[in-house]
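Working through the structure, step by step
For reference, the chains in residue letters:
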Amino acid sequence: MTRYLIGRILGLAAVLFATSVVVFGSVHLAPGDPVSFLLHGRPATPEAVAALRSQYHLDDPLAVQYAKWLGGVLQGDFGSSAQYHQDVTALIGSRLPGTALLVGYAALLVAVVGVAAGVLAALRPGPLDRAVLLGSGVATATPSFVTAIALVSLFSVRLGWFPGPGGTPAGFSDRLYHLTLPAFALALTFAGLLARVTRSAMLDELGREHVEVARARGVPGWTVVRRHVLRNALGPVVTVGGTMLAGLLISTSIVETAFDVPGLGSLLVQSVTAKDFAVVQAITLLSVGAFVLVNLAVDLLVPLIDPRLSLHGEGSS
């Protein structure tokens, strides 16, 4: 276990380092001069342009810029936002709770709806199974922005059950109320995929010999499902679910922009448009770090759920 953890941590460090190089290089090699974005089209003297380039270290060689930026990142300093004129760490900290609440809400919907639908489809072959397969197929194929438009049109504009984009929540419960439509828009695609994974894993376990033996011995049906089927099927479900959790974080950009949610996703879109290097680099690096950490947590959790899977075997990725 210790050797495995050390290897995964070193792998995590290597992935983050490679990501930092790619993110830093791709942002700085993008077309356009960052100084023009900093000036917002206003005329400036050569002295003012030189001062801006010096302030943001744009006159240094690219390798030097990267070394300074990486040194600051290792100390928790992601630089200063050119768009908001604010420390990037503080800016991300102010937006992170909104995104975390949205992702947590959506993850709960994915887990409940996806697993429940998959279990019902596996246990009730026939019309219900076909309905789940059809519904999950449509959900998986529908982009988040299409879902967002449909939800706003139906539940906000026509029925008036939920608030539309924007608005200022008054408290935690009101905040959840405002995040309900964004959470459903974010969760729908992932719930459809998890339902299919759960159904497949359940059907695979239902055909096992020990399940048939338990049924032949007169063990109650729900007990067989709970002890011998569902528990053993959780391995692939948790593995895919962990990847989905990281995917939810990445997919917030579309949903937060569509619903005007002040989170990291909408901040990333605004920063890319404004070519705010420091913010784009920080959010991208944090997203990759979260993705790798979630995968590591899943690799450690799956063998605890299903002891048949070892850290070096089927359960690891």
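Since the model is a prediction, treat every value here as computed from it, not as a measurement. (Residues numbered from 1 in each chain as written. Predicted model: local features only at pLDDT ≥ 70, side-chain atom pairs only at ≥ 80, totals over all residues. Heavy atoms only, no water.)

1. What about the overall build of the chain?
Each helix and strand in the chain was counted, giving 12 helices and 0 strands. Tracing the chain from N to C terminus, the helices and strands come up as α-α-α-α-α-α-α-α-α-α-α-α. Looking at the chain as a whole, 41% of its 317 residues qualify as buried. Considering only contacts in the chain between residues 6 or more positions apart, those separated by 24 or more positions represent 71%. As presented, the chain carries roughly 16600 Å² of accessible surface, and 68% of it is formed by carbon and sulfur atoms. (Helix = DSSP H or I, 4+ residues; strand = E, 2+ residues; numbered from the N terminus. Buried < 20%, exposed > 50% of the residue type's maximum accessible area, 1.4 Å probe, protein only. Contact = heavy atoms within 4.5 Å. Areas by Shrake-Rupley, 256 points an atom, 1.4 Å probe, with all protein chains shown as cover.)

2. A look at the packing of aromatic side chains
Evaluated as defined, the whole model comprises 4 aromatic pairs. Ring centres of Y66 and W69 lie 6.1 Å apart, and the angle between their planes is 45°; on these two criteria the pair is classed as tilted. With a gap of 3 residues between them, Y66 and W69 both fall in helix α4 (residues 62–74), about one helical turn apart. With respect to class, Y66 is no different from W69; both count as buried. A centroid spacing of 5.8 Å and a plane angle of 40° characterise the contact between F155 and W161, whose relative ring orientation is tilted. Members of the aromatic cluster, connected to one another through ring pairs, are F155, W161, F162 and Y177. (Phe/Tyr/Trp six-rings, centres within 6.5 Å; stacked < 30°, edge-to-face > 60°.)

3. Digging into helix α5 (residues 88–123)
Along its 36 residues, α5 runs 50 Å from first to last C-alpha, staying within 8% of the 52 Å computed at 1.5 Å per residue. A maximum bend of about 35° is found in α5 at L96, where proline P97 lies one to four positions downstream. One side-chain oxygen at the N-terminal end of α5 lies 3.2 Å from the backbone nitrogen of T89; it belongs to D87. (Expected span 1.5 Å × (residues − 1). Bend = angle between axes of the 7 residues up to and from the residue. Polar contact = N/O pair within 3.5 Å; in protein donor to acceptor, adjacent residues only side chain to side chain.)

4. Brief notes about the packing of α5 against helix α8 (residues 172–206)
In contact at an axis separation of 4 Å, α5 and α8 are set at 35° when each is read in the N-to-C sense. Taken as a pair, α5 and α8 cross one another with a handedness that is right-handed. Across the contact of α5 with α8, the residue classes break down as 30 nonpolar, 5 polar and 2 charged. (Axes fitted to C-alpha atoms, helices over the stretch in contact; angles between N-to-C directions. Left-handed = near helix turned anticlockwise from the far one by under 90°. Nonpolar A, V, L, I, M, F, W, Y, C, P; charged D, E, K, R; others polar.)

5. Let's talk about the layout of surface pockets
Here the largest pocket is characterised by a volume of approximately 540 Å³. I283, L285, L286, S287 and G289 are, among the 30 residues lining the largest pocket, the residues nearest its centre. The biggest single contributor to the lining of the largest pocket is helix α12 (residues 277–305), with 10 residues. When its residues are assigned to classes, the lining of the largest pocket shows 20 nonpolar, 10 polar and no charged. (1 Å grid on protein atoms, 1.4 Å probe; cavity = no way out; pocket = protein on both sides within 12 Å on 5 of 7 lines; lining within 4 Å. Points joined across faces, edges and corners; volume = space filled by probe spheres on them.)

6. Concerning helix α7 (residues 144–158)
With 15 residues, α7 extends 20 Å between its outermost C-alpha atoms, agreeing within 8% with the 21 Å of an ideal straight helix rising 1.5 Å per residue. V152 marks the point of greatest bend in α7, at about 25°. Among all positions in α7, only S144, T147, A148, L151, V152 and S156 are buried. Looking at the residues trailing α7, positive phi occurs at G160, about 70°.

7. Things to note about the nonpolar core
Within the largest apolar cluster, 23 residues are counted, with the highest numbers of intra-cluster contacts made by A106, V110, A185, L186, L248 and F259. Listed by contribution, the elements that provide at least two residues to this core are α5, α7, α8 and α10 (221–259). Sort the elements by how many residues they give to this core and α8 lands first, with 8 residues. Every residue in contact with A106, bar those within four places of it in the chain, is listed here: A183, L186, A187 and L248. (Core = buried A, V, L, I, M, F, W, Y, C linked by side-chain atoms within 4.5 Å.)

8. Focus on the confidence of the model for the chain
Looking at the chain, the pLDDT average stands at 80 and 85% of residues meet or exceed 70. Within the chain, α5 carries the highest mean pLDDT (90), whereas helix α2 (residues 34–39) carries the lowest (65). Throughout residues 311–317 the model reports pLDDT below 50, and contacts reaching past four residues in sequence, or to other chains, amount to 17 contacts. (pLDDT = per-residue confidence, 0-100.)

9. A closer look at the side chain of T189
Within the secondary structure, T189 is located in helix α8. When neighbours within four sequence positions are excluded, T189 is seen to be in contact with A139, T140 and T142.

10. Quick look at a nonpolar patch on the surface
On the surface, F145, V146, I149 and I254 cluster together into a nonpolar patch covering about 370 Å² of accessible area. No other element matches the 3 residues that α7 contributes to the nonpolar patch. Its place among the elements puts V146 in helix α7. Since its relative accessible area comes to 36%, V146 is described here as partly exposed. (Patch = residues over 30% accessible without salt bridge, like charges linked within 9 Å, V, L, I, M, F, W, Y side chains within 5 Å. Salt bridge = Lys/Arg side-chain N within 4 Å of Asp/Glu carboxyl O.)

11. Section: the packing of α7 against α8
Running from N to C, α7 and α8 cross one another at 145°; their axes reach a closest spacing of 9 Å. Considering the relative orientation of α7 and α8, their crossing is right-handed. Mapping the contact onto sequence places S144, T147, A148, L151, F155 and S156 in α7 and L181, F184, A185 and L188 in α8.

12. Some words on unusual backbone geometry
A negative phi angle characterises most non-glycine residues, just as the trans form characterises most peptide bonds. Phi at D260 takes a positive value of approximately 55°, unusual for a residue other than glycine. Considering the arrangement of structural elements, one finds D260 in the loop between α10 and α11 (264–274). Residue D260 is classed as exposed on the basis of its relative accessible area of 54%.

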